[in-house]
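# Architecture and fold: a report
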There are 2 protein chains.
Amino acid sequence: MGFDVNEAIGFGAAVLTTIAFLPQVYKTWKTKDVSSLSLPMLILFFIGIILWLIYGVLLHSPSMIFANAITVISTILLLYYKLKYGKQ
Amino acid sequence: MGFDVNEAIGFGAAVLTTIAFLPQVYKTWKTKDVSSLSLPMLILFFIGIILWLIYGVLLHSPSMIFANAITVISTILLLYYKLKYGKQ
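What counts as what
Residues numbered from 1 in each chain as written. Chains lettered and ligands numbered in written order. Predicted model: local features only at pLDDT ≥ 70, side-chain atom pairs only at ≥ 80, totals over all residues. Heavy atoms only, no water. Least-squares fit on C-alpha atoms with pLDDT ≥ 70 in both. Contact = heavy atoms within 4.5 Å. Buried area = accessible area lost by both parts, 1.4 Å probe. Polar contact = N/O pair within 3.5 Å; in protein donor to acceptor, adjacent residues only side chain to side chain. Helix = DSSP H or I, 4+ residues; strand = E, 2+ residues; numbered from the N terminus. UniProt positions renumbered as here; feature names shortened; annotations may be inferred. Buried < 20%, exposed > 50% of the residue type's maximum accessible area, 1.4 Å probe, protein only. Patch = residues over 30% accessible without salt bridge, like charges linked within 9 Å, V, L, I, M, F, W, Y side chains within 5 Å. Areas by Shrake-Rupley, 256 points an atom, 1.4 Å probe, with all protein chains shown as cover. Salt bridge = Lys/Arg side-chain N within 4 Å of Asp/Glu carboxyl O. Axes fitted to C-alpha atoms, helices over the stretch in contact; angles between N-to-C directions. Parallel < 35°, antiparallel > 145°, perpendicular 65-115°, else oblique. Left-handed = near helix turned anticlockwise from the far one by under 90°. Nonpolar A, V, L, I, M, F, W, Y, C, P; charged D, E, K, R; others polar.

On to the relation of the copies chain A and chain B. Rotating chain A by 180° and translating it 0.0 Å along the rotation axis places it on chain B, where the RMSD comes to 0.0 Å. Look at the turn and shift together and you get a two-fold axis relating the two. Residue S36 of chain A of chain A places its C-alpha closer to the rotation axis than any other residue of that unit, at 2.7 Å. Take the interface residues of chain A: 100% of them recur as interface residues in chain B, which is what a same-surface contact looks like.

All right, on to the interface of chain A and chain B then. Every contact between the two is made by 39 residues of chain A and, on the other side, 39 residues of chain B. Buried area between chain A and chain B, summed over both chains or domains, comes out near 3400 Å², and the portion from carbon and sulfur atoms is 72%. Per-residue buried area on chain A facing chain B is highest for S36, W52 and Y55 of chain A; these three make up 19% of the total on that side. Across the contact surface, chain A and chain B share 17 residue pairs in polar contact (both at pLDDT 80 or more). Of all the secondary structure elements, the ones that give two or more residues to the side of chain A that touches chain B are helix 1 (5-31), helix 2 (39-58) and helix 3 (62-85) of chain A. A per-element tally of the side of chain A that touches chain B places helix 1 of chain A first, with 15 residues.

With that out of the way, let us pick up the UniProt feature "transmembrane region" (unreviewed entry) in chain A. Residues and elements named next belong to chain A. The UniProt entry lists residues 6-25, 37-58 and 64-81 under the feature "transmembrane region" (unreviewed entry), expressed in the numbering used here. Annotated as residues 6-25, this span is 100% helix and 0% strand, and its ends, taken at the C-alpha atoms, are 29 Å apart. The annotated region residues 64-81 carries 100% helix and 0% strand content, and the separation between its end C-alpha atoms amounts to 25 Å.

Moving on, we come to unusual backbone geometry. Residue and element names in this part refer to chain A. Of note, K32 is a non-glycine position whose phi angle comes to about 55°, a positive value. As for its placement among the helices and strands, K32 is situated in the loop between helix 1 and helix 2. Residue class for K32 comes out partly exposed when judged on its relative accessible area of 44%. Although it is not a glycine, H60 sits at a positive phi angle of roughly 55°. Along the chain, the position of H60 falls in the loop between helix 2 and helix 3. Overall, H60 belongs to the exposed group, its relative accessible area being 68%.

All right, on to a nonpolar patch on the surface then. A surface patch of nonpolar side chains, amounting to about 260 Å² of accessible area, comprises F11, F66 and I70 of chain A. Relative to the assigned elements, F11 of chain A resides in helix 1.

The next point concerns the packing of helix 2 (residues 21-31) of chain B against helix 4 (residues 62-85) of chain B. Residue and element names in this part refer to chain B. Here helix 2 crosses helix 4 at 25°, and the two axes come no closer than 10 Å. Classified by the angle their axes make, helix 2 and helix 4 are roughly parallel. You can see that helix 2 and helix 4 cross each other, and the crossing is left-handed. Contacts from F21, L22, Q24, V25, T28 and W29 of helix 2 reach helix 4 at T71, S74, L77, L78 and Y81.

It is worth spelling out the packing of helix 1 of chain A against helix 3 (residues 39-58) of chain B at this point. Where helix 1 of chain A contacts helix 3 of chain B, the axes come no closer than 8 Å and their chain directions differ by 155°. Between helix 1 of chain A and helix 3 of chain B, the interaxial angle falls into the category roughly antiparallel. Our pair here, helix 1 of chain A against helix 3 of chain B, has a crossing hand that is left-handed. In terms of residue class, the contact of helix 1 of chain A with helix 3 of chain B is built from 19 nonpolar, six polar and one charged.

Put into C-alpha cells, the structure is as follows:
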C-alpha cells in the first residue's frame, strides 16, 4: 500500500483527539474535581462516540475506528468519575 | 439521492457529539468555573478537531464537516473561558 495523505491527516486527527482526553482523565482522577464537567455533555458525547465508531467501521476508516474505540474508554472513565465524585 | 444508511449514522453521531458541547459551554459560561477542565485537553482537542474537519472534507463526508465545523467553535469558546477564568 502506498502513502495515503487522507489517512495520514485522519490519523493525526485521531491521535490528537484521542490523547486530548488523557490529561483530562488524569486531572479528574488526581483531583477528584468534577465540578465544572457537564454531565449532559458526557452522556451525549458517549452516545455520539459510539455512533462515530460504527460510522468509522461502515466507512472502513482505520483512523476513525482507532480514535473512537479509545475515546469510548476515556469517556466511560470520565462519566464514572462524574457520577462517583459529583455526588459529594 | 436515496437514503444513505452510512450518512444517517454519521449524521446522528455528528449531531450528538456537536450538541454535547452545548451544555458544557453553557455551564462554563454560567458558572465561570473552569477548575476541572484540563487546558492541555482543550488545546490538543482543538488542533485535532481542525484535522478532523480537513479529513471530513477529503472524505467528502457531510456529517464530519458539519460536526467538526461547529465543534471548532465550541472548543474555541471553552479555550477562551479556560484562559480567561483560569487565571483567577
